Amino acid sequence: MTNFATYPSLKGLPVVISGGASGIGETIVREFAAQGSKVGFVDIARDRGEALAAELVAAGQSARFAAVDITDVAAYQAAIAGFEAAHGPALALVNNAANDTRIAWNEVTSEAWDKAMAVNLKHAFFAAQAVIPGMIKAGKGSIVNFGSISWMILTGNLTAYTASKAAAHGMSRSLARDLGPHGIRVNTLVPGWIMTERQLTHWVGDAENALIDAQQALKGRLYPADIARMAMFLAADDSQMISGQDFLVDGGWAHG
Ligand SMILES: NC(=O)c1ccc[n+]([C@@H]2O[C@H](COP(=O)([O-])OP(=O)(O)OC[C@H]3O[C@@H](n4cnc5c(N)ncnc54)[C@H](O)[C@@H]3O)[C@@H](O)[C@H]2O)c1
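Residues numbered from 1 in each chain as written. Predicted model: local features only at pLDDT ≥ 70, side-chain atom pairs only at ≥ 80, totals over all residues. Heavy atoms only, no water.

**Describing the environment of proline 181**
Alright, step 1. When you line up the elements, proline 181 lands in the loop between helix H5 (159-179) and strand E6 (184-191).
Alright, step 2. The exposed category is assigned to proline 181, whose relative accessible area is 68%.
Alright, step 3. The sequence separation of proline 181 and glycine 40 amounts to 141 residues, and the corresponding C-alpha distance is 26 Å. (Helix = DSSP H or I, 4+ residues; strand = E, 2+ residues; numbered from the N terminus. Buried < 20%, exposed > 50% of the residue type's maximum accessible area, 1.4 Å probe, protein only.)

What follows is the structure in structure tokens.
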């Protein structure tokens, strides 16, 4: 028993989630599955994705996994078509996958720049393109693009990543205008510093903990479930008149 919401509109809802095998995406997959949604998720990490889907199915929940590199647009769109064949057209899309590899500005190659755009931005548009026709037919749908506070707070050594994450806002707002007449909503979910496995093993040490304590108004730590709850709210009918907006879940980080 928790104090958190159960959403009747998520029960039986076909949802597609990218990067669902680990990190925030894994928790998003678990939370939607627990709500009774029909979850289709992709990740490049085959073993973890297959194990997660098997665990959820064994628990009586609905989850299908496809091992896909989301930078391969054709393969990703084919995986989405596979989920649609099994679950019906997706009425929610959570564009969560990304890669925050840090590179100093003078070491960014042309190839590294293109790779960052592909893994952090391009897939989100082409996944949306794959699910929109089904949403139009249904007359409703919700697309959640992922931003990041990193560019808002001037994080260094992340130029291509922050450029792609800032671009998510423009993409969301333009799509919100195009799709609003069809009842489809498009919003940007902006995580603060979330204590995932990767963050804890790669980036969060004593200095970073001191920074979080100084910058966050709320003195706890943010965890993937904090982001999953916002993704669920934005997918559920509870947010039915919200589109083109940014939702920062950052513990009240001082952006000044
Ligand atoms: N963790 C944070 O503090 C934080 C802060 C701001 C924004 N975000 C955003 O939240 C989202 C999730 O971040 P996270 O911290 O869970 O990341 P993560 O690196 O822990 O997990 C990303 C997932 O995406 C998958 N993935 C990466 N490249 C892929 C590819 N080419 N094809 C398919 N799958 C691929 C990975 O295997 C992994 O399962 C991202 O959009 C990220 O930019 C996270």
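**What about the packing of helix H1 (residues 23-34) against helix H8 (residues 224-235)?**
Alright, step 1. Axis separation between H1 and H8 bottoms out at 8 Å; the angle between their running directions is 50 degrees. Comparing the axis directions of H1 and H8 gives the class oblique. Note on packing geometry: the crossing formed by H1 with H8 is right-handed. On the side of H1, the interface is formed by Gly23, Ile24, Thr27, Ile28, Glu31 and Phe32, while H8 contributes Pro224, Ala225, Ile227, Ala228, Ala231, Met232 and Ala235.
Alright, step 2. The class makeup of the residues in the contact of H1 with H8 is 10 nonpolar, 2 polar and 1 charged. (Axes fitted to C-alpha atoms, helices over the stretch in contact; angles between N-to-C directions. Parallel < 35°, antiparallel > 145°, perpendicular 65-115°, else oblique. Left-handed = near helix turned anticlockwise from the far one by under 90°. Contact = heavy atoms within 4.5 Å. Nonpolar A, V, L, I, M, F, W, Y, C, P; charged D, E, K, R; others polar.)

**Here we look at the pattern of salt bridges**
Alright, step 1. Taken as a whole and assessed by the stated rule, the structure comprises 9 salt bridges.
Alright, step 2. Glutamate 55 is paired through a salt bridge with arginine 30; the nearest N and O atoms lie 2.7 Å apart. Separated by 25 residues along the polypeptide, glutamate 55 in helix H2 (residues 46-58) and arginine 30 in helix H1 bring together distant segments of the chain.
Alright, step 3. Two residues, glutamate 50 and arginine 46, come together in a salt bridge whose shortest N-O distance is 3.4 Å. With glutamate 50 and arginine 46 both in helix H2 and 4 residues apart, this pair spans about one turn of that helix.
Alright, step 4. Salt bridges sharing common partners tie together Glu26, Arg30, Arg48, Glu55 and Glu197. (Salt bridge = Lys/Arg side-chain N within 4 Å of Asp/Glu carboxyl O.)

**A short note on H2**
Alright, step 1. Under the 1.5 Å per step criterion, the end-to-end length of H2 is 18 Å for 13 residues, consistent within 8% with the ideal 18 Å.
Alright, step 2. When H2 is considered as a whole, its buried residues turn out to be Gly49, Leu52, Ala53 and Leu56. Looking down the long axis of H2, one finds its buried residues gathered within 95 degrees of arc, a one-sided arrangement. Seen from the buried face of H2, the exposed residues on the opposite side, beyond 90 degrees, are Asp47 and Ala58.
Alright, step 3. Check the buried side of H2 and you find it contacts H1, strand E2 (38-43) and strand E3 (62-67).
Alright, step 4. Backbone geometry just after H2 places glycine 60 at a positive phi near 85 degrees. (Expected span 1.5 Å × (residues − 1). Arc of directions from axis to C-beta.)

**Points about the side chain of histidine 169**
Alright, step 1. Relative to the helices and strands, histidine 169 is located in helix H5.
Alright, step 2. On the basis of relative accessibility, which here comes to 10%, the residue histidine 169 falls in the buried class.
Alright, step 3. Not counting residues within four places of it along the chain, the set of residues in contact with histidine 169 comprises Trp151, Met152, Thr188, Val190 and Asp246.

**Considering the environment of alanine 228**
Alright, step 1. One can find alanine 228 in helix H8.
Alright, step 2. Along the primary structure alanine 228 and phenylalanine 32 are separated by 196 residues, whereas in three dimensions their C-alpha atoms are 8.3 Å apart.

**Let's talk about the pairing of E3**
Sheet faces and side chains relate simply in a regular strand, where the side chains alternate between the two faces.
Alright, step 1. Here E2 pairs with E3 via 6 bridges, running parallel. The residue of E3 that forms the bridge with lysine 38 is serine 62.
Alright, step 2. Since E2 and E3 lie parallel, the crossover through H2 that links them has a hand, and here it is right-handed. (Pairing = 2+ DSSP bridges. Right-handed = clockwise from strand over helix to strand, strands pointing away.)

**Focus on the site of the ligand**
Alright, step 1. What surrounds the ligand is a group of 25 residues, the closest being Ile24, Asp43, Asn96, Tyr161 and Ile194.
Alright, step 2. Here a nitrogen atom of the ligand sits 3.0 Å away from a polar atom, N or O, in the main chain of isoleucine 70.
Alright, step 3. Bound to the protein, the ligand loses 90% of the 830 Å² it would expose on its own.
Alright, step 4. Sorting the residues of the shell around the ligand by element identifies H1, H5 and helix H6 (197-203) as the ones contributing at least two each.
Alright, step 5. Looking at side-chain class alone, the shell around the ligand contains 12 nonpolar, 9 polar and 4 charged residues. (Near = heavy atom within 4 Å. Polar contact = N/O pair within 3.5 Å; in protein donor to acceptor, adjacent residues only side chain to side chain. Areas by Shrake-Rupley, 256 points an atom, 1.4 Å probe, with all protein chains shown as cover.)

**Digging into the pairing of E6**
Alright, step 1. Of all 8 residues making up E6, 8 are buried, and the element is well covered by its neighbours.
Alright, step 2. Across the two faces of E6 the burial is the same, with Ile184, Val186, Thr188 and Val190 and Arg185, Asn187, Leu189 and Pro191 all buried.
Alright, step 3. Direction of pairing for strand E5 (residues 141-146) relative to E6: parallel, over a ladder of 6 bridges. Residue pairing for E6: isoleucine 143 is matched across the bridge by valine 186.
Alright, step 4. Where E6 and strand E7 (residues 246-249) come together, 4 bridges link them in parallel fashion. Residue pairing for E7: leucine 189 is matched across the bridge by phenylalanine 247.

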